[in-house]
Amino acid sequence: MKLSTKGRYAVMAMADLAAASGGGPVTLAEIASRQSISLSYLEQLFAKLRRADVVTSVRGPGGGYRLSRQAGEIRISDIIVAVDEPLRATRCSNAKGCLADGRRCVTHDLWDELSRHIFLFLSSVTLEDVTQRRVQGSASGASGRLDRAVSLLMNHEAAE
């Protein structure tokens, strides 16, 4: 599975915003320059992020964007979902199935489960984890992330 440019750029821009903000608003032009992302593309992404209440905008001189809450409270999955990035490893585009006659292929459940694990992992990583470089594996302090993902999975299954 490959995450599209939309999702990757949204996470890059949000990590830049979190690292650069220091509490004050940051302009999209600054983020675009530092991350080598088109300003018009960032405007589209940030409109979606604002509607999803992941960022807030500040108008006027000295305006820009800031996080709507602390970086430790914003999950990477929040960002991905906000920009309408599908987290599917299956080739199905609907609930019917991936084959021409509407049936599911023999590997459908495998890819569907992979999608769920990806979502759980991205739900266990916060923007603060990214900016503090705590996503490099257990040797770098990420060992609790797997426990959080398992806990999220158990809570999700219990709610169903």
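Placed above this text is the structure.
Definitions and limits used
- Throughout this document, residue positions are counted from 1 along each chain, in the order its sequence is written.
- Note on the predicted model: pLDDT of at least 70 is required for a residue's local features to be given, and 80 or more for side-chain atom pairs to be given and counted; whole-chain, interface and lining totals, by contrast, use all residues.
- Only heavy atoms go into the side-chain values, all of them from the structure, while hydrogens and water stay out.
- The way it works is that DSSP assigns letters per residue, a run of H or I at least four long becomes a helix, a run of E at least two long becomes a strand, and they are numbered from the N terminus.
- As used in this structure description, the phrase polar contact means that two N or O atoms lie within 3.5 Å; if the pair is within protein, one of them must be able to donate a hydrogen and the other to accept it, and residues adjacent in sequence are counted only when both atoms belong to side chains.
- Strand pairing is assigned whenever DSSP detects at least two bridges linking the two strands.
- To qualify as a nonpolar core, a set must consist of buried Ala, Val, Leu, Ile, Met, Phe, Trp, Tyr and Cys residues joined through side-chain atoms within 4.5 Å.
- Residue burial is assigned from relative accessible area. The probe radius is 1.4 Å, only protein chains are included, and a residue is buried under 20% of its type maximum, exposed over 50%, and partly exposed in between.
- What makes two residues a contact is simply this: any of their non-hydrogen atoms within 4.5 Å.
- For a helix, the expected span equals 1.5 Å multiplied by the residue count minus one.
- Every patch collects residues that have over 30% relative accessible area and no salt bridge, joining them within 9 Å if they carry like charges and within 5 Å if they are nonpolar side chains (Val, Leu, Ile, Met, Phe, Trp, Tyr).
- We get accessible surface area from the Shrake-Rupley algorithm with a probe of 1.4 Å; when it comes to residues, only the shown protein chains can shield them.
- For this analysis, a salt bridge means a side-chain nitrogen from Lys or Arg found within 4 Å of a carboxyl oxygen belonging to Asp or Glu.
- Only the stretch in contact is used when a helix axis is fitted, and all axes are lines through C-alpha atoms; the angle between N-to-C directions ranges over 0 to 180 degrees.
- Working rule for angles: under 35 degrees goes down as roughly parallel, over 145 as roughly antiparallel, 65 to 115 as roughly perpendicular, anything else as oblique.
- Here the nonpolar group is Ala, Val, Leu, Ile, Met, Phe, Trp, Tyr, Cys and Pro; Asp, Glu, Lys and Arg are the charged ones; every other residue, Gly included, is treated as polar.

K.L.:
Could you give an account of the side chain of S124, naming the residues involved and the relevant values?
P.N.:
Looking at where S124 falls in the secondary structure, it is placed in helix α5 (residues 108–124). For S124, the side chain forms a polar contact with the main-chain oxygen of F121, separated by 2.7 Å.

K.L.:
Any details on the pairing of strand β2 (residues 64–67)? Residues and values, ideally.
P.N.:
With four bridges joining them, strand β1 (residues 55–58) and β2 adopt antiparallel strand pairing. Residue pairing for β2: V55 is matched across the bridge by L67. Where β1 folds back on β2, the antiparallel hairpin that results is connected by five residues, among which G60 adopts a positive phi of roughly 90°.

K.L.:
Please set out the nonpolar core residue by residue, giving values where relevant.
P.N.:
One finds M14, L17, L42, F46, L49, I79 and L127 to be the most contacted residues of the largest nonpolar core, which totals 30 residues. Broken down by element, this core gets its largest block of residues, seven residues, from helix α1 (residues 5–21). With near-sequence residues (within four places) excluded, L49 lies in contact with M14, V54, V55, I79, A82 and V83.

K.L.:
Got a sec to walk through α5? Specific residues and values, please.
P.N.:
Within an α-helix, residues lying three or four positions from one another point in the same direction, as the helix has 3.6 residues per turn. Here α5 is 17 residues long and its end C-alpha atoms lie 24 Å apart, about the 24 Å a rise of 1.5 Å per residue gives. Listed in full, the buried residues belonging to α5 are H108, S115, L120, L122, S123 and S124.

K.L.:
Kindly report on a nonpolar patch on the surface, identifying the contributing residues and their values.
P.N.:
On the surface, L110, W111 and L114 cluster together to form a nonpolar patch covering roughly 270 Å² of accessible area. Mapped onto the fold, L114 is located in helix α5.

K.L.:
Any details on the pattern of salt bridges? Residues and values, ideally.
P.N.:
Under the definition given, this model contains five salt bridges. One network of salt bridges, with partners in common, ties together E128, D129 and R134.

K.L.:
Outline the packing of α1 against helix α3 (residues 39–51), listing residues and values.
P.N.:
Following both chains from N to C, one finds α1 and α3 inclined at 80°, their axes separated by 10 Å at the closest point. With respect to each other, α1 and α3 are oriented roughly perpendicular. Each of T5, K6, Y9, A10, A13, M14 and L17 in α1 lies in contact with α3, whose residues at this interface are Y41, L42, L45, F46, K48 and L49. By residue class, the composition of the contact of α1 with α3 is ten nonpolar, one polar and two charged.

K.L.:
Describe the side chain of T126, naming the residues involved and giving the relevant values.
P.N.:
Checked against the element boundaries, T126 lands in the loop between α5 and α6 (127–131). Residue classification places T126 among the buried residues on the basis of a relative accessible area of 4%. Excluding its chain neighbours within four sequence positions, the residues that come into contact with T126 are A71, G72, I74, R75 and I76.

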